[in-house]
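Each chain, written out:
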Amino acid sequence: MPDLSSHASQLRNLADTLEAQSQATDDPFTPHPDTVDLVNNRHTKRGQLNYAVPDVLQLQRRIRRYHADHGIQHGDIVALALDTWLRAKGYPPDLKQPKTEAP
């Protein structure tokens, strides 16, 4: 009988990846529950995310306005939006691994 353990391992990894992605909902912008839990946890370690973006998109003004209307902190808005988009593109976080600093 052939050894199928490597196939089983690959299937487990695929299942873990699919589980980490958002469940299909009517609203494609619904954040993943794990991300919401992380954002709402005041003990979650935070890091600076700093990228140059086109001024014409007025992202800073729009984020400030959304914050004023909904009370969600600026960094949480960015985290929820980027995580939702990256998960939809097939790039979920590995929440089981200890986080290390990127080079």
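Everything that follows concerns the structure shown earlier in this document.
Basis of the calculations
- Residues numbered from 1 in each chain as written.
- Predicted model: local features only at pLDDT ≥ 70, side-chain atom pairs only at ≥ 80, totals over all residues.
- Heavy atoms only, no water.
- Helix = DSSP H or I, 4+ residues; strand = E, 2+ residues; numbered from the N terminus.
- Buried < 20%, exposed > 50% of the residue type's maximum accessible area, 1.4 Å probe, protein only.
- Contact = heavy atoms within 4.5 Å.
- Areas by Shrake-Rupley, 256 points an atom, 1.4 Å probe, with all protein chains shown as cover.

J.: Please explain the overall build of the protein chain as it appears in this structure.
T.: Helix and strand counts for the protein chain come out as four helices and zero strands. Helices and strands appear in the protein chain in the N-to-C order α-α-α-α. Every one of the 103 residues in the protein chain was classed for burial, and the buried ones make up 11%. If you take every contact in the protein chain between residues at least 6 apart in sequence, the share linking residues at least 24 apart comes to 58%. Of the roughly 9300 Å² of accessible surface on the protein chain, a fraction of 56% belongs to carbon and sulfur atoms.

J.: Before we go on, may I ask you to explain the side chain of Asp83 in this structure?
T.: Structurally, the position occupied by Asp83 is in helix α4 (residues 74–88). You can call Asp83 buried: its relative accessible area is 14%. In contact with Asp83, not counting residues within four places along its chain, are His32, Thr35 and Pro93.

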